2 protein chains.
Amino acid sequence: MDEFALIERYFRRPDQPPGDGVVLGPGDDAALLLPPAGDELVMTLDTSLGGHHFPDDLPAADVGHRCLAVNLSDLYAMGARPLWFLLSVTLPQADEAWLAGFAQGLFDLADRAGIALVGGDVTRGPLSVSIQATGAVTPGRALRRSGARAGQRLAIGGVPGQGGLGLRHWQAGERASVSARHLARPAFPLDLGAALVGRAGAAIDVSDGLLQDLGHILKASGGLGAELDLATLPVNEELAALDEADRYPLQLTGGDDYCLLFTWPDARPLPPGTSDIGMITEKGPILLRYPDGRTEPARPGGWRHF
Amino acid sequence: MDEFALIERYFRRPDQPPGDGVVLGPGDDAALLLPPAGDELVMTLDTSLGGHHFPDDLPAADVGHRCLAVNLSDLYAMGARPLWFLLSVTLPQADEAWLAGFAQGLFDLADRAGIALVGGDVTRGPLSVSIQATGAVTPGRALRRSGARAGQRLAIGGVPGQGGLGLRHWQAGERASVSARHLARPAFPLDLGAALVGRAGAAIDVSDGLLQDLGHILKASGGLGAELDLATLPVNEELAALDEADRYPLQLTGGDDYCLLFTWPDARPLPPGTSDIGMITEKGPILLRYPDGRTEPARPGGWRHF
């Protein structure tokens, strides 16, 4: 089966509605889309490589879910509502069982998020998935990294450290744990980003470790600092069972969390399901407040791609 | 140097204007773009792998040019004017000399085409480049594969066979030939696609071999046929010097040509620089007319990704 037949069988869904604004979907040199009038578009592109960004033996349906989730997380962190995505898959051979599983995991999440596949390609090579996702946001309302100010609260949606602990579990063969399931199929509240629009100061998708991504906010906002209250970091039951000396590094520097980290400018209550974990200060470094009250400067760290 | 520093050094150009409609370029979770009011967007995504889609030893500047050219070719084949692109690069190590060369080749072409880099990522892994390019077209005016009708002329811009002969030259170490230069830096008329809007019947980017891509037009247009006049196929001097038995297979089934194949519905002259190479007929197969006047059905063939 060649590229065109594979795309036809696994990625065309003629029985589905084409998606809002989709004038021409997969099958030509490019897709044709009519953007929502007056909105700004939010566009992201991420490549995930087998053995680098996800385990080589991750089931195909999880790969499909995960690679789309990584891109959706970027859209939500900007406060965007998802519209369309393009998909480029490279795989060692035309493995139909793998593609069927991949497409199922991909479309399950795509349908829940309301995002439509509009094109892409399938080629032979080492396993990798590139997805480009587009969303829409009211002009001027996108959540940016640069909107933090000293005195704002620091808050998070999701559980930092799940990705790192999940990888440890996966590698140890414990694949049914909550954390391993999060690694395989990152889950995050699909409506949180939109709830932050017009209210949060700054926001970022936490994918390379909480401290490193917090650092991006502080730098983009003009060189601010932060105090992080470790006792308030949300946990799942598996993280809660760890010693603090083991847990904090996972929560502060582990990758693959897909949490939404944001700042909150006033005294209004935080959105449901999010946690107050500290505050933005005038200048660095980031201070970690331990449960016994002492504070220490954070050492830089996080997932590095090189 | 980590991912963020690499992007900052090689892919941010703070001294350049950001590009039309670019509200927020590289550096946040996603780019923010304001699409041209009333236009349709044209979106394509292609992944190029070292050793598969281009020679492993292609100089970095050529890789940068080539990977963008492949996407621009898709935009032009839809009649779109280029707007923005996202870039995802995977490379085995943080090789700064390679990245500097790559960025130079990429931006040289981007600036000529008027397309702005707005985001993406750089990660570690086997050499691969994914580019997602977006263009704009007046609603309803995009060139599609499905617009061919029996009786239309068949025409081409560019020289089919250059990609295949260029690969042969490259592998033989003849890297300064016209064809090898085309393989390294595919060149095509940047204004031809726009000149076809509202005039051509169907159009397609020829990247997988002339016969195969012609087949896509014929299938998308409802199962038509075509007669191809081999004596009229444009050549460069290196193709002209080959025996016909060697040249025709290269011209009909070689990949990487980045020609623009289109149909022409009336007797008006073709756009400058394009050639009349046959006509669309009621039904298949595709007939090849040889210079001595005999015709033969074409055997299917072309670049297959699996």
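Cut-offs applied
- The numbers attached to residues start from 1 for each chain and follow its sequence in the written order.
- Note on labels: chains are lettered from A, ligands numbered from 1, in written order.
- Only residues with pLDDT of at least 70 are given local features in this predicted model, and only at 80 or more are side-chain atom pairs given and counted; all residues enter the totals for whole chains, interfaces and linings.
- Side-chain measures here rest on the full set of heavy atoms in the structure, leaving out hydrogens and waters.
- Numbering of helices and strands runs from the N terminus, with a helix taken as a DSSP run of H or I at least four residues long and a strand as a DSSP run of E at least two residues long.
- Contacts were defined at the residue level, with two residues in contact if any of their heavy atoms lie within 4.5 Å.
- Calculation of accessible area relied on Shrake-Rupley with a 1.4 Å probe; when residues are assessed, cover is drawn exclusively from the protein chains displayed.
- UniProt positions are given in the numbering used here, feature names are shortened, and annotations may be inferred rather than shown by experiment.
- Only protein chains enter the accessibility calculation, which uses a 1.4 Å probe. A residue is then buried if its area is under 20% of the maximum for its type, exposed if over 50%, and partly exposed in between.
- Domain delimitation in this document rests on an assignment produced automatically or drawn from a domain database.
- Throughout, buried area stands for the accessible area (probe radius 1.4 Å) lost by two parts on being put together, summed over both.
- Every case where a carboxyl oxygen of Asp or Glu lies within 4 Å of a side-chain nitrogen of Lys or Arg is listed as a salt bridge.
- Helix axes are fitted to C-alpha atoms over the stretch in contact, other axes to C-alpha atoms as well, and angles between N-to-C directions run from 0 to 180 degrees.
- Roughly parallel here means an angle under 35 degrees, roughly antiparallel means over 145, roughly perpendicular means 65 to 115, and every remaining angle is called oblique.
- Two helices crossing with the near one rotated counterclockwise from the far one by less than a right angle form a left-handed crossing, whereas a clockwise rotation gives a right-handed crossing.
- Residues are grouped as follows: nonpolar covers Ala, Val, Leu, Ile, Met, Phe, Trp, Tyr, Cys and Pro; charged covers Asp, Glu, Lys and Arg; every other residue, Gly included, is treated as polar.
- At least two bridges found by DSSP between two strands is the condition for calling them paired.
- Superposition of the copies used a least-squares fit over C-alpha atoms from residues whose pLDDT is at least 70 in both.
- In this charge count, Lys and Arg are treated as positive and Asp and Glu as negative; neither His nor the chain ends contribute.
- Definition of a polar contact: a pair of N or O atoms within 3.5 Å, with one able to donate and the other able to accept a hydrogen when the atoms are protein atoms, and with sequence-neighbouring residues admitted only if both atoms are side-chain atoms.

Student: Is there a simple way to think about the overall build of chain A in this case?
Tutor: Assigned secondary structure in chain A consists of nine helices and 13 strands. Along the first, second and third principal axes, the C-alpha atoms of chain A reach 65 × 50 × 30 Å. Within chain A, contacts between residues separated by at least 24 positions form 83% of all contacts whose residues are at least 6 apart in sequence. Accessible area for chain A stands at about 11500 Å²; split by element, carbon and sulfur atoms hold 51% of it.

Student: Can you walk me through the UniProt feature "binding site: Mg(2+) 2" (unreviewed entry) in chain A in this structure?
Tutor: As annotated in UniProt, the feature "binding site: Mg(2+) 2" (unreviewed entry) corresponds to Asp46(A) and Asp74(A) in the numbering used here. Across 29 residues, the annotated set stays spatially compact, with a maximum C-alpha separation of 9.5 Å. With a relative accessible area of 15%, Asp46(A) lands in the buried category. With residues near it in sequence (within four places) discarded, Asp46(A) still touches Val70(A), Asn71(A), Asp74(A), Val129(A), Ser130(A), Ile131(A), Ser88(B) and Asp121(B). Along the chain, the position of Asp74(A) falls in helix α2 (residues 60–77). Classification of Asp74(A) by relative accessible area gives buried; the value is 7%. Leaving out residues up to four positions away in the same chain, Asp74(A) has contacts with Thr44(A), Asp46(A), Asp205(A) and Asp29(B).

Student: Help me out: how do you make sense of the domain arrangement of chain A in this one?
Tutor: Accessible area lost upon the coming together of the parts is a frequently used measure of interface size. Residues and elements named next belong to chain A. Once the domains are mapped, chain A shows domain 1 (3–137) and domain 2 (145–297). The distance between the C-alpha centroids of domain 1 and domain 2 comes to 27 Å. Counting residues at the interface gives 20 residues for domain 1, matched by 17 residues for domain 2. A combined buried area of about 1700 Å² lies between domain 1 and domain 2, and 56% of that area is made up of carbon and sulfur atoms. Between domain 1 and domain 2 we count four salt bridges in total.

Student: Explain the packing of helix α1 (residues 3–11) of chain B against helix α3 (residues 96–113) of chain B here, please?
Tutor: Each pair of packed helices can be described by the angle between their axes along with the distance between the axes. All names here are of chain B. Their axes nearest at 10 Å, the elements α1 and α3 cross at an angle of 45°. One finds that α1 runs oblique with respect to α3. For the pair α1 and α3, the sense of crossing is right-handed. For the pair formed by α1 and α3, the contact residues are Leu6, Arg9, Tyr10 and Phe11 on the first element and Glu96, Leu99, Ala100, Phe102, Ala103, Leu106 and Phe107 on the second. Here the residues of the contact of α1 with α3 are counted per class, giving nine nonpolar, no polar and two charged.

Student: Sorry if this is basic, but what is going on with the sheet that holds strand β5 (residues 116–124) of chain B here?
Tutor: Strand-to-strand pairing in sheets goes through backbone hydrogen bonds, with the strands running parallel or antiparallel. The six strands lie next to each other as β1(A)-β2(A)-β3(B)-β6(B)-β4(B)-β5(B), forming an open sheet whose pairing is mixed. With partners counted over all chains shown, the strands left at the sheet margins are β1 (22–24) of chain A together with β5 of chain B, one partner each. When strand polarity is set aside, the average angle formed by the axes of neighbouring strands in this sheet is 20°. With nine bridges connecting them, strand β4 (residues 81–91) of chain B and strand β6 (residues 128–137) of chain B associate as antiparallel partners.

Student: Can you walk me through the relation of the copies chain A and chain B in this structure?
Tutor: Turning one copy of the chain about an axis and sliding it along that axis gives the other copy, so a rotation and a shift relate them. For the match of chain A to chain B, the screw axis carries a shift of 0.0 Å, the RMSD comes to 0.0 Å, and the turn is 180°. Seen this way, the second copy is the image of the first under a two-fold rotation axis. A share of 100% of interface residues in chain A that are also interface residues in chain B marks the association as one of identical surfaces.

Student: Quick question: what am I supposed to make of the side chain of Ser207(B) here?
Tutor: Residues and elements named next belong to chain B. With respect to the helices and strands, the residue Ser207 is situated in the loop between β8 (203–206) and α7 (210–220). Classification of Ser207 by relative accessible area gives buried; the value is 15%. Discounting chain neighbours no more than four positions away, the residues touching Ser207 are Asp213, Gly255, Asp256, Asp257 and Tyr258.

Student: Where do I start with the side chain of Glu40(A) in this structure?
Tutor: Among the structural elements, Glu40(A) can be located in strand β3 (residues 40–49). Buried within the structure, Glu40(A) lacks any salt-bridge partner; its nearest side chain of opposite charge belongs to Arg144(A), at an N-O separation of 5.5 Å. In this structure the side chain of Glu40(A) is engaged in a polar contact, spanning 3.5 Å, whose partner is the backbone nitrogen of Gly140(A). Sequence-distant contacts of Glu40(A), that is, excluding residues within four places in its chain, are made with Gly135(A), Ala136(A), Val137(A), Pro139(A), Gly140(A), Val23(B), Leu32(B), Leu33(B) and Leu34(B).

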